[in-house]
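# Observations on chain architecture
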Amino acid sequence: MDSIESRITVKRLHPLFVAEVTGIDLKLPLSRADFRVIWEAFNEHQVLVFRDQHFDDDSQIAFCRHFGELETMIAHPGNDWNPGHISVMTNLGKDGNFLPADHPAMVHRARNEDWHSDSSFKPVAALASMLAARIVPPVGGNTDLASARAAWADLPAERQAALEGLTALHRMTLRDAANDKGYKEEDKQRHVVTHPLVRANPVNGRKALYVGAHAQEIVGMPPEEGARLIEELTVHCTQPQYVYSHHWRDGDAVLWDNRCTLHRATPFETAKYKRKLHRTTIAGKSPDSAFANVPGA
Ligand SMILES: [Fe+2]
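Quick summary incoming for the structure in this document. Since the structure is predicted, the reported quantities are computational estimates derived from the model, not experimental observations.

This brings us to the sheet that holds strand β14 (residues 261-265). Taken together, the three strands give an open sheet; going across it, the order is β12-β6-β14, and neighbouring strands pair in antiparallel fashion. Only two strands of the sheet have a single partner each, and these edge strands are β12 (243-246) and β14. On average, adjacent strands in this sheet sit at an angle of 20° to one another, irrespective of strand direction. Two elements, strand β6 (residues 143-147) and β12, share four bridges in a ladder whose sense is antiparallel. Each bridged residue has a counterpart across the sheet, and for Asp144 the counterpart in β12 is Ser245.

Following this line, the structure appears as structure tokens:
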């Protein structure tokens with residue numbers, strides 16, 4: 001356990017990444033010193049787990065704004081084509097009843113079961129996402145997170161050298177494209193972007209593979225060859241030794257670094273258990289200057 005000058009403690013939960021942060025109520029005004037501790041832990045551990053926070057939307061948004069501007073979601077069936085700063089991940093309708101598995105919102109949310117990095121299809125990709133529990137199922141519905149930084153570090157040096165300098169093309173639509181109805185055509189056209197295949201954290205220089213379901217081609221390679229390479233690297237990053245599976249408890253909030261981790265939703269009994277999590281997404285400044293997100297840093 002790291003010993004910190006403030007009352008905050010940071011304890012590693014996995015051999016390679018993920019830390020639990022305790023000793024602070026994030027719903028209260030946050031001092032600059034406490035935010036500094038959290039910011040440093042975020043850059044080091046890549047995923048932060050906060051228990052017993054019980055955020056509401058206003059307090060979740062207020063906390064996340066310390067990291068930078070929040071993204072506004074893109075319109076899709078999961079937000080009733082009416083997006084804001086909060087993205088609701090649930091199997092419940094507005095009346096609180098279970099949605100059928102073939103409901104457009106449920107079909108759309110199933111996309112999250114592919115490993116991905118949030119908003120990697122945007123010109124300025126997301127710095128971080130926070131998912132905070134409102135209602136949690138007793139079993140299933142974990143969120144899996146993988147360290148693409150640890151996976152990068154384990155690649156042989158010659159492989160790293162061959163990958164550095166490559167550029168990937170990211171699309172909002174997924175590779176299998178089976179669910180292409182979930183976005184407006186103009187949004188699909190707009191969200192085709194390129195990012196470096198390997199990104200360095202601007203604070204500590206640690207590199208990570210930047211892949212996942214939205215990365216679909218490598219610039220300068222035949223499309224199928226690029227797709228195969230990205231798939232191979234995504235499989236590499238999501239091997240069990242690089243994965244932390246978060247079992248949700250009431251009041252939990254999890255913050256992850258989209259620059260160096262991948263994540264996915266996992267199934268649960270959607271006709272038996274209620275699950276409702278609210279996500280906020282913090283925009284980056286540019287893919288490689290996210291430290292600029294921190295005022296005065
Ligand atoms: Fe996601």
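Turning our attention to helix α1 (residues 32-45). Helix length check: α1 (14 residues) gives 20 Å between terminal C-alpha atoms against 20 Å at 1.5 Å per residue, within 8%. Among all positions of α1, only Asp34, Val37, Ile38, Ala41, Phe42 and His45 are buried. Summarising the axial view, the buried residues of α1 lie within an arc of 135°, below the 170-degree limit, and thus occupy one face. Facing away from the buried side of α1 by more than 90 degrees, the exposed set consists of Arg32 and Ala33. Contacts from the buried residues of α1 go to β1 (9-12), β2 (19-22), β3 (47-50) and β13 (253-257). The positive-phi residue at the C-terminal boundary of α1 is Gln46, with phi of around 75°.

Attention now goes to the nonpolar core. Counting 60 residues, the largest nonpolar core has Val47, Leu48, Ala148, Leu209, Val211 and Cys237 as its most contacted members. No other element matches the seven residues that strand β5 (residues 126-135) contributes to this core. Those residues in contact with Val211 that lie beyond four places of it in its chain are Ala148, Ala168, Ile230, Leu233, Thr234 and Cys237.

With respect to the helices and strands, Asp34 occurs in helix α1. Sequence separation between Asp34 and Ser6 is 28 residues, and the spatial gap between their C-alpha atoms is 6.9 Å. In this structure Asp34 touches Ser6, Ile8 and Ile24, once residues within four positions along its chain are discounted.

Reading guide: rules and limits
- What you see as residue numbers is a count from 1 along each chain, following the sequence as written.
- Residues qualify for local features only when their pLDDT is at least 70, as the model is predicted, and side-chain atom pairs are given and counted only at 80 or more; totals for whole chains, interfaces and linings, by contrast, use all residues.
- Strands pair, by our definition, only if DSSP identifies at least two bridges between them.
- Only runs of H or I of at least four residues qualify as helices and only runs of E of at least two qualify as strands under DSSP, and these elements are numbered from the N terminus.
- Note on definitions: angles span 0 to 180 degrees between N-to-C directions of axes, and those axes are lines fitted to C-alpha atoms, for helices only across the stretch in contact.
- By this rule the span expected of a helix is its residue count minus one, scaled by 1.5 Å.
- Whether a residue is buried, exposed or partly exposed follows from its count of other C-beta atoms within 10 Å of its own C-beta, namely 20 or more, 12 or fewer, or something in between, respectively; the C-beta atoms are built from the backbone.
- Throughout, the arc means the angular range of directions from the helix axis out to the C-beta atoms.
- We call two residues in contact when their backbone-placed C-beta atoms lie within 7 Å.
- For this analysis, nonpolar core means a set of buried Ala, Val, Leu, Ile, Met, Phe, Trp, Tyr and Cys residues linked through C-beta atoms within 7 Å.

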